[in-house]
Amino acid sequence: MKAAIICSLLLGSLFATFAADAADNVSPMTPETQTTTESGWTFTVAPYFWAAGLSGDTSQFGLPVVHIDSSFSDIFKDLDFAAMAIGEARYDRYSIFGDIIYTKISSGSGTPRGILADNVDVSSETFAGLLGAGYSVLEGPSGRLDLVGGVRVWSVDTQISFDGGILNGRSVSDGATWVDGLVGIRGNYSFTPEIYLTGWGLVGAGGADVDWDVAAALGYKFNDRFSMVAGYRALGVDYSDDGFLFDVVQQGPILGLVVHF
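This write-up is about the structure you can find in this document.

The rules behind the values
- Residues numbered from 1 in each chain as written.
- Predicted model: local features only at pLDDT ≥ 70, side-chain atom pairs only at ≥ 80, totals over all residues.
- Heavy atoms only, no water.
- Patch = residues over 30% accessible without salt bridge, like charges linked within 9 Å, V, L, I, M, F, W, Y side chains within 5 Å.
- Areas by Shrake-Rupley, 256 points an atom, 1.4 Å probe, with all protein chains shown as cover.
- Salt bridge = Lys/Arg side-chain N within 4 Å of Asp/Glu carboxyl O.
- Helix = DSSP H or I, 4+ residues; strand = E, 2+ residues; numbered from the N terminus.
- Buried < 20%, exposed > 50% of the residue type's maximum accessible area, 1.4 Å probe, protein only.
- Pairing = 2+ DSSP bridges.
- 1 Å grid on protein atoms, 1.4 Å probe; cavity = no way out; pocket = protein on both sides within 12 Å on 5 of 7 lines; lining within 4 Å.
- Points joined across faces, edges and corners; volume = space filled by probe spheres on them.

## Overview of a nonpolar patch on the surface
Next up, step 1: A surface patch of nonpolar side chains, amounting to about 840 Å² of accessible area, comprises Phe191, Ile195, Leu218, Tyr220, Phe222, Phe226, Met228, Leu255 and Leu257.
Next up, step 2: Within the residue set of the nonpolar patch, elements represented by two or more residues are β10 (210–221), β11 (226–241) and β12 (244–260).
Next up, step 3: Within the secondary structure layout, leucine 257 lies in strand β12.
Next up, step 4: For leucine 257, a relative accessible area of 34% translates into the label partly exposed.

Rendered as structure tokens:
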């Protein structure tokens, strides 16, 4: 939650600087004024790497709750595979955007007393796909603020294996798929023609009791087509249904390449 508070403060400082008296076409992903196509649309694609640690609680079939605590410093040890990308299409003040996250993380930990088990291994495979739309309520030569809304589809599969104790040798797997609705803000602000601040904050619910996502990043424009961003992102979800529990926070540094055309 500290990471979420820090990102929220950065977003607050970003949005406090917006002006509302101009209409340059600026993408939330890249701050520079963009040349529109003949159709009036601009497009942005941003593959990125998110060194996200995973912490929280998970459980299956009413078995004891297992606590996960894999920090982003352990990512190269615990991360099996990851794929992430953001895309956006913009026309004037209107935008359509998407965010896809796929991660597979494996971690193990000891149990508090070692009665039910001495060690627990958890493998979590997570897909989260967000599709949203936005409208720019503030825009100027240095930045833009969008109000946005969308839906996020979650698909989570976890496998829990017990070693030692009463549950020695037992392994169970379970999963769930659900949809959440989210609302929030996205925006950016340029400090110089090359350096800018970008970020977003979203919160919602649906299948989950709560679903939230905040990020803040600094970007650097190399030329009219390519930029790079580096920052921090935190995403949390609290879902439970029929003995399946997935109450976790994923957070860590992000590094991405931004391509616009």
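## With respect to the pairing of strand β2 (residues 53–59)
Next up, step 1: Within β2, five of the seven residues are buried, which leaves the element mostly enclosed by the surrounding structure.
Next up, step 2: As defined by bridge partners, β2 adjoins β12 across seven bridges and the pair is classed as antiparallel. What sits directly across from leucine 54, in β12, is glutamine 250.

## A closer look at the pattern of salt bridges
Next up, step 1: Tallied over the full model, the rule gives 11 salt bridges.
Next up, step 2: Between glutamate 88 and arginine 90 there is a salt bridge, with the nearest N and O atoms lying 3.6 Å from each other. Side by side, glutamate 88 and arginine 90 carry an identical accessibility label, which is buried.
Next up, step 3: The shortest N-O distance in the salt bridge between aspartate 213 and arginine 152 comes to 3.4 Å. Placement of aspartate 213 in strand β10 and of arginine 152 in strand β7 (residues 143–163) is noted, with a sequence separation of 61 residues between them. We note that aspartate 213, like arginine 152, is buried.
Next up, step 4: Residues joined by salt bridges that share partners form a network here, namely Glu88, Arg90, Arg93, Glu139, Arg144, Asp146 and Arg186.

## Observations regarding empty space enclosed by the protein
Next up, step 1: Under the counting rule described, the total for this entry stands at two cavities of 30 Å³ or more.
Next up, step 2: Approximately 80 Å³ is the volume attributed to the second largest cavity.
Next up, step 3: What lines the second largest cavity is simply Ile86, Phe97, Asp99, Leu130, Arg186, Trp200, Leu202, Asp213 and Arg233.
Next up, step 4: Breaking the lining of the second largest cavity down by element, the ones donating at least two residues are β5 (94–110) and β9 (195–206).

## Structural notes on the pairing of β11
Next up, step 1: Judged from the 12 bridges that link them, β10 and β11 form a sheet pairing that is antiparallel. Its bridge partner lying in β11, valine 214 is registered against alanine 234.
Next up, step 2: Counting the residues between successive antiparallel strands, the hairpin from β10 to β11 contains four residues.
Next up, step 3: Strand direction decides the pairing type here: β11 and β12, joined by 16 bridges, are antiparallel. Considered in β12, the bridge of arginine 233 is made with glycine 252.
Next up, step 4: Counting the residues in the hairpin turn of β11 and β12 gives two residues, including aspartate 242, whose phi is positive at 55°.

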